Amino acid sequence: VQLVEAGGGLVQAGGSLRLSCAASGSTFSIVYMGWYRQAPGKQRELVARILRVSGSTEYADSVKGRFTISRDKAKNTMYLQMNSLKPEDTGVYYCKAQTHGPDYWGQGTQVTVSS
């Protein structure tokens with residue numbers, strides 16, 4: 001499974017960004033896909049994830065009500081719509097695909113929210 005992310009950038013607090021993660025290869029093996037982020041000096045943390053088949057979602061408490069995860073099954077693409085961004089949302093955002101075997105990670109995309 002190969003993952004390619006896009007959509008990061010610099011935005012002011014209160015603004016919005018939309019991230020995308022396109023999966024290719026053995027996508028049928030994916031159980032769920034998720035977005036993780038890592039701020040400088042901190043551990044990587046789960047932001048949101050979505051089950052590939054059912055579309056059920058899960059969010060970190062810090063982003064509930066502001067971020068929305070979705071997927072387009074036909075395009076094998078996952079999205080993260082981020083609204084009301086805060087400076088503490090700054091970090092590198094990684095896409096992850098979880099299978100019954102190995103995990104796969106994207107290369108990461110930088111999101112910077114200025115105050």
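Notes on the structure in this doc start here. Here the residue index of a chain counts from 1 through its sequence in written order. In keeping with the predicted nature of the model, local features appear solely for residues at pLDDT of at least 70, side-chain atom pairs appear and are counted solely at 80 or more, and the whole-chain, interface and lining totals rest on all residues. Hydrogens and waters are ignored; side-chain quantities use all the structure's heavy atoms.

1. Focus on the state of the cysteines
The definition used for a disulfide is geometric: two cysteine sulfur atoms within 2.5 Å. Using the criterion set out here, one finds 1 disulfide in the structure. Across a sulfur-sulfur distance of 1.9 Å, cysteine 21 and cysteine 95 are joined as a disulfide pair. Its S-S torsion of about -70° marks the bond between cysteine 21 and cysteine 95 as left-handed, since a negative value means left-handed. Of the two residues, cysteine 21 sits in strand E3 (residues 17-24) while cysteine 95 sits in strand E9 (residues 91-99), which places them 74 residues apart along the sequence. The class of cysteine 21 is buried, set by a relative accessible area of 0%. By definition, any uninterrupted DSSP run of H or I lasting at least four residues is a helix, any uninterrupted run of E lasting at least two residues is a strand, and each is numbered from the N terminus. Exposure is judged per residue with a 1.4 Å probe applied to protein chains only, and the accessible area is read against the type maximum: over 50% gives exposed, under 20% gives buried, and values in between give partly exposed.

2. Thoughts on the side chain of threonine 109
Tracing the chain through its elements places threonine 109 in strand E11 (residues 109-114). Judged by relative accessible area, which is 12%, threonine 109 ranks as buried. Within the structure, the side chain of threonine 109 is placed 3.2 Å from the backbone nitrogen of glycine 8, a separation counted as a polar contact. Note on contacts: a residue pair is in contact if any heavy atoms of the two residues lie within 4.5 Å. Ignoring any residue separated from it by four or fewer positions in sequence, one finds threonine 109 in contact with Glu5, Gly7, Gly8, Leu19, Gly91, Val92 and Tyr93. Two N or O atoms form a polar contact when they lie within 3.5 Å of each other; inside protein one atom must be a possible hydrogen donor and the other a possible acceptor, and for residues adjacent in sequence the pair counts only when both atoms belong to side chains.

3. Concerning the nonpolar core
The set of buried Ala, Val, Leu, Ile, Met, Phe, Trp, Tyr and Cys residues whose side-chain atoms join them within 4.5 Å is what this entry labels a nonpolar core. With 26 residues, the main nonpolar core has Met33, Trp35, Leu80, Met82 and Tyr93 as its most contacted residues. Where this core is concerned, the elements lending two or more residues are E3, strand E4 (30-38), strand E5 (45-51), strand E7 (67-72), strand E8 (77-82), E9 and E11. Per element, the largest residue contribution to this core is 4 residues, and it comes from E3.

4. Considerations on the side chain of lysine 96
By the secondary structure assignment, lysine 96 is in strand E9. The buried category is assigned to lysine 96, whose relative accessible area is 8%. For lysine 96, the residues in contact, after removing those within four places along its chain, are Leu3, Tyr32, Met33, Gly34, Tyr36, Asp103, Tyr104 and Trp105.

5. Remarks on the pattern of salt bridges
A side-chain nitrogen of Lys or Arg and a carboxyl oxygen of Asp or Glu constitute a salt bridge if their distance falls within 4 Å. All told, the structure shown has 6 salt bridges when counted by the stated rule. With a closest N to O distance of 3.6 Å, aspartate 103 and lysine 96 form a salt bridge. Owing to a relative accessible area of 34%, aspartate 103 belongs among the partly exposed residues under this scheme. Three or more residues are tied together by salt bridges with common partners; here these are Arg37, Glu45, Arg66 and Asp89.

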